[in-house]
Amino acid sequence: METKNASPILFEPKLEFMKFSLIPICLVFILVIAMAEANEPKAGFVKNVSGKAFIERNKVVTAAKVKDMLRENDILVTGNTGSMGVILQDNSVMSIGSNTRLVISKFAFEPADEKLSFIAQIKKGTVVYLTGLIAKLNHSGVRFETPAATCGIRGTHFAIKVEDPGN
Amino acid sequence: MKNKSLLRVRNIFPPLVLFLLLISGCASTTQVVLLPDPDGKVGTLEVSNVKGTQTLNQAWQATVSASMDRIPSEPKLLEEEKVRQVFREALEAEPIPPVSFIVYFRTDRSVLSTESLTLLTNVMHAIMSRKSTDIIISGHTDAVGAIDYNHRLSLRRAKAVADILIARGIDRQNIQVSYHGKGNPLVPTPDGRPEPRNRRVEITVR
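Note that this is a predicted model, so its numbers are computed, not measured.

S.K.: Where do I start with the overall build of chain B in this structure?
M.R.: For chain B, the helix and strand inventory stands at 5 helices and 9 strands. For chain B, the α and β elements follow one another from N to C terminus as α-β-β-β-β-β-α-α-β-α-β-α-β-β.

Encoded structure:
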């Protein structure tokens, strides 16, 4: 058997070469991604999920689960039956109803360095938010942006609905 | 030839973007409603776009912004029931806000008083009602004593609290313990001054 398969052996040196060069490249690549992920500070975590609810990170969509960590630039997405509740690092709480798309476009909670801001973009859907320490410590620190308005907040509880532009 | 076509693309681009912005702005009508805080208080909310600002300061008051080029509508009081209907899913998914507790200690001690043990019963209720998997316990001391000694004392205090919660059935993996010695006082004092309010463990249930 082995002697008959002479032709594949011809290709073996080439394959071997590819293996050697690809493995280190892949490893470095994975390491760089892992380091970037580790450096990205935590913005909050998922507290509850029902129905179709997802987290979109770097264009990769995964089903949201309780205790999932959230980071800056994550997008919270729900389908026509979904909802999700999250707690952010400054102890503010936010929840979204179905057919919602919300981008955590900025989140910084480092009181020692006076870095205090949370900016969310609501593309569509329903959102309820109760402010936490960022709004308390920095009066212009929390902002919700929609295609038609911007909400500046002073320590409070509110609901926003953005009609789906597709409708 | 190539330059000409490039120019044309450039000329078309800004009006096209503006047009697209206008349509998306028109379709994405934004409604904002001020809700009462969980403790019943009502805050203030500013809703603005390029044309102007509306301020909401009553519970169930709302404003609508149809697009960036029209000022948001005058605040209008909505019926609570209607608001609850529109935002039902989001309101049902709204987590209970995190809550913090403080347990105090006598000088140089890490044993909990009877009063503190009663407070830990409230902490247990807070954990249960939130199904909390994120309990943060931080130990502190006042400014009396050496830095190293106080670090160890604050860790003993934090661990004493954590151990009681674990003994009452809380999963150790859901607890994060940190210790600060005299480094993070509730009431800042000069070094060496006793301050009962700083001899404490803070517990946050999220």
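S.K.: What is the right way to look at the interface of chain A and chain B in this model?
M.R.: Where interface size is given, it is often the accessible area lost as the parts come together that is meant. Each partner contributes residues to the interface: chain A has 40 residues there, and chain B has 40 residues. Partitioning the side of chain A that touches chain B into residue classes produces 18 nonpolar, 16 polar and 6 charged. Bridge count for strand β11 (residues 150-154) of chain A against strand β2 (residues 44-49) of chain B is 5 bridges, and the pairing is antiparallel. Bridged to I153 of chain A within β2 of chain B is L45 of chain B.

S.K.: What is the right way to read unusual backbone geometry from this model?
M.R.: For residues besides glycine, phi is generally negative; the peptide bonds are generally trans as well. The backbone phi angle of N58 of chain A is positive, close to 50°, even though this residue is not glycine. As for its position among the elements, N58 of chain A is in the loop between β2 (53-57) and β3 (60-63).

S.K.: How should I be thinking about the domain arrangement of chain B in this particular structure?
M.R.: Annotation of chain B at the domain level lists domain 1 (29-94) and domain 2 (99-205). Here domain 1 of chain B and domain 2 of chain B have C-alpha centroids that lie 39 Å from each other.

S.K.: Just to check I follow, could you spell out the sheet that holds strand β8 (residues 175-179) of chain B for this structure?
M.R.: Sheets are built from strands paired through backbone hydrogen bonds, the pairs being either parallel or antiparallel. Residues and elements named next belong to chain B. A sheet is described by the order of its strands in space; here 4 strands give the open sequence β6-β9-β7-β8, paired in mixed fashion. Of all strands in the sheet, those bounded by a partner on one side alone are β6 (99-104) and β8. The average undirected angle you get between the axes of adjacent strands in this sheet is 15°. When β6 meets strand β9 (residues 200-205), the two strands line up antiparallel, connected through 6 bridges. Bridge pairing in β9 links F101 to I203.

Reading the values: the criteria
- Residues numbered from 1 in each chain as written.
- Chains lettered and ligands numbered in written order.
- Predicted model: local features only at pLDDT ≥ 70, side-chain atom pairs only at ≥ 80, totals over all residues.
- Helix = DSSP H or I, 4+ residues; strand = E, 2+ residues; numbered from the N terminus.
- Contact = placed C-beta atoms within 7 Å.
- Nonpolar A, V, L, I, M, F, W, Y, C, P; charged D, E, K, R; others polar.
- Pairing = 2+ DSSP bridges.
- Domains from an automatic or database assignment.
- Axes fitted to C-alpha atoms, helices over the stretch in contact; angles between N-to-C directions.

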